[in-house]
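Geometric and topological summary
What follows is the residue order along each chain.
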Amino acid sequence: MPQSSRRSEVEPFLAMDVLAKANALEAAGHEILHMEVGQPGANAPARVVEAAQAALSAGRLGYTEARGLPVLRSAIAAHYRDTYGVDVPDGRILATTGSSAGFNLAFLAAFDPGDRIAIAAPGYPAYRNILKALGIIPVEIEVGADTRWALTPELLEAAHREAPLKGVLVASPANPTGTMMTPEALKALVRACDDMGLWFLSDEIYHGLVFNGRQETALAYSDKAIILNSFSKYYCMTGWRIGWMVLPEALVRPVERIAQSLYISPPELSQRAAAVAFEATAELEAIKAGYAANRELLLKRLPALGFTEMLPVDGAFYCYASVRPFSNDSVAFAERMLNEAGIAATPGPDFDPVNGRSYIRFSFAGDNAVIEKAMARLEEWLPTAG
Ligand SMILES: Cc1ncc(COP(=O)(O)O)c(C=O)c1O
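Quick summary incoming for the structure in this document.

This part takes up the site of the ligand. Taken together, 14 residues are adjacent to the ligand, and Ser100, Asp203, Ser230, Ser232 and Lys233 come closest. The contact in question runs from an oxygen atom of the ligand to an N or O atom on the side chain of Arg241, over 2.8 Å. Protein chains shield 92% of the accessible area of the ligand, which is 400 Å² for the free molecule. A majority-of-atoms criterion places the ligand in the largest pocket. Per-element accounting of the shell around the ligand gives the leading share, 4 residues, to helix α4 (residues 98-110). A class-by-class count of the residues in the shell around the ligand yields 5 nonpolar, 6 polar and 3 charged.

Below you can see the structure in the form of structure tokens.
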């Protein structure tokens, strides 16, 4: 019997395992309050849906150029001008099948097997898994309150001295922490990478979802930065699988060549719909106001319930909280909370193999009523949880 490859031996995504268990409990008739998945509860904006319906009625949907439709790429360029005051030519923008495809393409174009790439822990688990599957070495650097849960030039230089790095990947606001770098901290890190000759990859998927502080794109500080972004989060389009990258000139053609063979093109239907997503600001800001209300509720209720250590919730839609007041194993804690209180949340080892057993991630991307109910149930259940 032939064997599966060594490169496929990546860790399972616990958030998806929790989701599967939660769904099974629901199917068995239990009411489950979902705070585990990082996706908006809201539908895609109305005009996005209308654009998709018009494209379907028009009939023919085909391959597009691998870079994506010009109409989408120029809408993205306009977004950079309007949002950040940054001019980027359409020629450096590529549409992707979600930012997940963007990671594959960026890693393949910038790195070779055996290269070492720095990422922060806690961090989004797919970074580590995709890098490993491609034979690239993730160098996980533990971050904490002392650096506001972000990588710094000093941490990077220390890792680079130990064994040379080829690049670094950061997200700000980040998953699972919800914490955002200040523009100054981001600038210092981007500049340090340029000085060290490293690729700087900036996952800006949670831009738009900022409640505290000012978001800035790494593009403002270097035209060598590789930007990954997506319509999944702020634009409420997870299932449409559409995102984009902004590339330094030198990587445009290499990425395009790989994209032609790996994906041919992102789905045309999603591209046509996404091209109008930047016009849906009023609808999207109303959805964001709902997250802001959820965030306020959690910031008030969780500490009162005993979650006394929470990371700064600057953006995204996550609260990453320590479970230590209740348990020293967040995996067991999350399982009991699901089975006994009907609340699904994601335990920390997904995001941080070293300290993750002390943390749990609550997503507040759902309805306010669900979060309210979850807090009420927690209040009843927590005294029995110890
Ligand atoms: C930090 C981060 N980056 C990227 C993604 C992937 O998103 P998509 O492929 O839908 O663009 C996610 C999804 O949860 C995420 O949290």
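There's plenty left to go through after this.
Take the sheet that holds strand β11 (residues 346-347) next. Strand order in the open sheet made by the 3 strands is β9-β12-β11, with antiparallel pairing throughout. Each edge of the open sheet is held by one strand with a lone partner, namely β9 (318-322) and β11. Strand direction decides the pairing type here: β11 and strand β12 (residues 359-363), joined by 2 bridges, are antiparallel. Following the sheet pairing, Thr346 is matched in β12 by Arg361.

Okay, the pattern of salt bridges next. By the definition in use, this model includes 18 salt bridges. Here Arg301 makes a salt bridge to Glu379, at a shortest N to O gap of 2.9 Å. Here the residue Arg301 occupies a position in helix α10 (residues 281-305), and Glu379 occupies one in helix α12 (residues 368-381), the gap between them amounting to 78 residues. The exposure class assigned to Glu379 is partly exposed, which follows from its relative accessible area of 47%.

Structurally, the position occupied by Ile93 is in strand β2 (residues 93-96). The spatial distance from the C-alpha of Ile93 to the C-alpha of Val370 is 38 Å, given a sequence separation of 277 residues. Excluding anything up to four places from it in sequence, Ile93 contacts Arg67, Arg73, Ile76, Ala77, Val88, Met245 and Val246.

Buried residues dominate strand β6 (residues 199-203), accounting for 4 of its 5 residues. Of the strand pairs in this sheet, strand β5 (residues 167-171) and β6 are connected by 5 bridges, and their pairing is parallel. Paired with Val170 across the strands is Ser202, a residue of β6. Read from β5 through helix α7 (residues 183-196) to β6, the crossover connection turns out right-handed. Where β6 meets strand β7 (residues 226-230), 3 bridges bridge the pair, whose relative direction is parallel. Each bridged residue has a counterpart across the sheet, and for Ser202 the counterpart in β7 is Ile227.

Any pair of aromatic rings gets described here by the distance separating the centres and the angle formed by the planes. Taken as a whole, this structure holds 24 aromatic pairs when the rule is applied. Judged by centre distance (6.3 Å) and plane angle (40°), the rings of Phe107 and Phe111 are tilted. The pair Phe107 / Phe111 is uniform in exposure class, with both members buried. Grouped by ring-pair contacts, the aromatic residues Phe103, Phe107, Phe111, Tyr124 and Tyr127 constitute a single cluster. Over the aromatic face of Phe211 sits the side chain of Lys288, whose NZ or CZ is 5.9 Å from the ring centroid.

Okay, the environment of Leu61 next. Structurally, the position occupied by Leu61 is in the loop between α2 (46-58) and α3 (70-84). With relative accessibility at 34%, the residue Leu61 sits in the partly exposed group. A C-alpha to C-alpha distance of 6.7 Å links Leu61 and Leu269, two positions 208 residues apart in sequence.

A cis geometry characterises the amide bond from Ala121 onward to Pro122, with omega recorded as 5°. Across the junction of Asn175 and Pro176, the peptide omega takes the value 15°, indicating a cis bond. Note on placement: Pro176 falls in the loop between β5 and α7. Even without a glycine there, the phi angle at Trp149 is positive, about 65°. Structurally, Trp149 can be placed in the loop between β4 (137-142) and α6 (153-162).

What counts, and at which threshold
Residues numbered from 1 in each chain as written. Predicted model: local features only at pLDDT ≥ 70, side-chain atom pairs only at ≥ 80, totals over all residues. Heavy atoms only, no water. Near = heavy atom within 4 Å. Polar contact = N/O pair within 3.5 Å; in protein donor to acceptor, adjacent residues only side chain to side chain. Areas by Shrake-Rupley, 256 points an atom, 1.4 Å probe, with all protein chains shown as cover. 1 Å grid on protein atoms, 1.4 Å probe; cavity = no way out; pocket = protein on both sides within 12 Å on 5 of 7 lines; lining within 4 Å. Sits in = over half its atoms within 2 Å of the grid points. Helix = DSSP H or I, 4+ residues; strand = E, 2+ residues; numbered from the N terminus. Nonpolar A, V, L, I, M, F, W, Y, C, P; charged D, E, K, R; others polar. Pairing = 2+ DSSP bridges. Salt bridge = Lys/Arg side-chain N within 4 Å of Asp/Glu carboxyl O. Buried < 20%, exposed > 50% of the residue type's maximum accessible area, 1.4 Å probe, protein only. Contact = heavy atoms within 4.5 Å. Right-handed = clockwise from strand over helix to strand, strands pointing away. Phe/Tyr/Trp six-rings, centres within 6.5 Å; stacked < 30°, edge-to-face > 60°. Lys NZ or Arg CZ within 6 Å of the ring centre and 35° of its normal.

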